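For reference, the chains in residue letters:
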Amino acid sequence: MKTLLRVLKHNGLSLFFGVIFLAALFGQSVVGEARYNEEQRVDGRAEVTYTEYVTSSDFAVDVTENWQSEYLQFLLYILATVWLVQRGSPESKELDKAGMEDDAHEKIGEHADADSPKWARAGGLRARVYSWSLTLLMATLFFGSWGAQSIAGLARYNEQQLAQQQDPVRWAEYVAGPDFWSRTLQNWQSEFLAVGSMVVFSIYLRQRGSPESKPVGAPHAATSVTD
């Protein structure tokens with residue numbers, strides 16, 4: 001029992017967001033099916049079951065268009081914070097540390113600690129790959145979900161085309177068209193606004209106890225201060 005409680009405590013943040021993610025995804029699927037069947041009734045078409053809806057292009061495009069924008073947000077944020085700084089923000093590195101850090105600061109190769117990750121201690125090519133592993137993963141997830149959005153969006157768009165007795169389009173035509181980019185850009189702009197707002201608001205506002213905030217009494221100009 002103590003071991004279980006320890007696991008829950010030590011992994012509380014990831015477990016919390018994992019649970020609310022699944023709850024929100026389920027909620028989206030339920031209300032999405034209701035909305036879809038309402039549209040089906042209005043158009044005089046047959047309703048679908050829950051299983052049919054969650055395996056449909058309609059549900060897939062709604063999910064993936066949000067996933068790709070989230071992973072793009074993280075990808076750009078990770079890369080931007082390497083070279084760009086923001087005076088007064090705890091989300092920024094110190095003003096004189098913009099750019100790639102040296103091996104000593106990053107604990108690579110001979111500078112690694114005994115408990116450093118194996119690939120960091122190895123140095124050479126493995127350390128270089130590991131040094132970019134987070135960016136590589138986020139880029140893979142972004143492009144993968146963006147590609148899935150384009151395929152699901154194409155399927156749904158062509159369903160609508162056929163229902164209106166119009167010719168379906170090819171993938172290249174769809175990804176160059178307004179439907180795909182309207183869905184894409186409406187998500188991108190909201191993510192960029194949210195991240196930019198967090199960076200700026202964290203200069204002047206505080207949340208006691210949060211590592212995303214400076215200490216309550218820290219000066220507004222204090223940069224890269226979280227404890």
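Residues numbered from 1 in each chain as written. Predicted model: local features only at pLDDT ≥ 70, side-chain atom pairs only at ≥ 80, totals over all residues. Heavy atoms only, no water.

Caption draft 1: Looking closely at the overall build of the chain. Looking only at helices and strands, the chain features 10 helices and zero strands. The N-to-C order of helical and strand elements in the chain reads α-α-α-α-α-α-α-α-α-α. Computed over its C-alpha atoms, the radius of gyration of the chain comes to 23 Å, more than 25% above the 17 Å expected for a compact globule of 227 residues. Principal-axis analysis of the C-alpha atoms gives the chain an extent of 65 × 45 × 40 Å. When the accessible surface of the chain is split by element, carbon and sulfur atoms take 62% of a total near 15,000 Å². Each charge sign in the chain was given a centre, from 20 positive and 27 negative side chains, and these centres are 10 Å apart. (Helix = DSSP H or I, 4+ residues; strand = E, 2+ residues; numbered from the N terminus. Rg over C-alpha atoms; globule rule 2.2 N^0.38 Å. Areas by Shrake-Rupley, 256 points an atom, 1.4 Å probe, with all protein chains shown as cover. Lys, Arg positive; Asp, Glu negative; His and termini not counted. Charge placed at Lys NZ, Arg CZ, Asp CG, Glu CD.)

Caption draft 2: Fine view of the pattern of salt bridges. Under the defined criterion, the tally for this structure stands at 14 salt bridges. The residue R183 makes a salt bridge to D179 at a minimum N-O spacing of 3.9 Å. Separated by four residues within a single helix, R183 and D179 lie in helix α10 (residues 178-204), roughly one turn from each other. What makes R183 buried here is its relative accessible area of 15%. By sharing partners, the salt bridges in this structure join R35, E39, D58, D62, E65, R156, D179 and R183 into a single network. (Salt bridge = Lys/Arg side-chain N within 4 Å of Asp/Glu carboxyl O. Buried < 20%, exposed > 50% of the residue type's maximum accessible area, 1.4 Å probe, protein only.)

Caption draft 3: Here's a closer look at unusual backbone geometry. With phi around 55°, K107 is a residue other than glycine that occupies positive phi space. Inspection of the secondary structure assignment puts K107 in the loop between α5 (103-106) and α6 (118-122). For K107, a relative accessible area of 39% corresponds to the partly exposed category.

Caption draft 4: Just helix α2 (residues 12-42), in detail. Relative to the 45 Å expected for 31 residues at 1.5 Å per residue, α2 spans 45 Å between its end C-alpha atoms, a close match to the ideal helical length. Along α2, the positions that sit buried rather than exposed are S29, G32, E33, Y36, N37 and Q40. In the stretch just after α2, G44 is the one whose phi turns positive, near 75°. (Expected span 1.5 Å × (residues − 1).)

Caption draft 5: Molecular detail of the packing of aromatic side chains. What the rule picks out here adds up to 16 aromatic pairs. For the ring pair F142 and F143, a centre distance of 4.8 Å and an interplane angle of 55° mean the geometry is tilted. Ring centres of Y157 and Y174 lie 5.5 Å apart, and the angle between their planes is 45°; this geometry places the pair in the tilted category. Of this pair, Y157 sits in helix α8 (residues 133-163) while Y174 sits in helix α9 (residues 171-175), and the two are 17 residues apart along the sequence. Note on Y174: relative accessible area 3%, which makes it buried. Pairwise contacts between aromatic rings join F142, F143, W146, Y157, Y174, F180, W181 and W188 into one cluster. (Phe/Tyr/Trp six-rings, centres within 6.5 Å; stacked < 30°, edge-to-face > 60°.)

Caption draft 6: The arrangement of the environment of G196 in detail. By the element assignment, G196 lies in helix α10. Along the primary structure G196 and A120 are separated by 76 residues, whereas in three dimensions their C-alpha atoms are 32 Å apart.

Caption draft 7: Highlighting the nonpolar core. In terms of nonpolar packing, the biggest core is built from 11 residues, these being L72, L75, M138, A139, F142, W146, L154, Y174, V175, F180 and W188. At the level of secondary structure, the elements contributing two or more residues to this core comprise α4 (57-83), α8, α9 and α10. With five residues, α8 is the single largest residue contributor to this core. The contact partners of L75, leaving out residues within four places of it in the chain, are T135, M138, A139 and F142. (Core = buried A, V, L, I, M, F, W, Y, C linked by side-chain atoms within 4.5 Å. Contact = heavy atoms within 4.5 Å.)

Caption draft 8: Representation of the environment of G123. By secondary structure assignment, the location of G123 is in the loop between α6 and α7 (124-131). A relative accessible area of 13% means that G123 is categorised as buried. Placed 29 residues apart in sequence, G123 and E94 show a C-alpha to C-alpha distance of 26 Å.

Keep in mind these numbers describe shape, not what the thing actually does.
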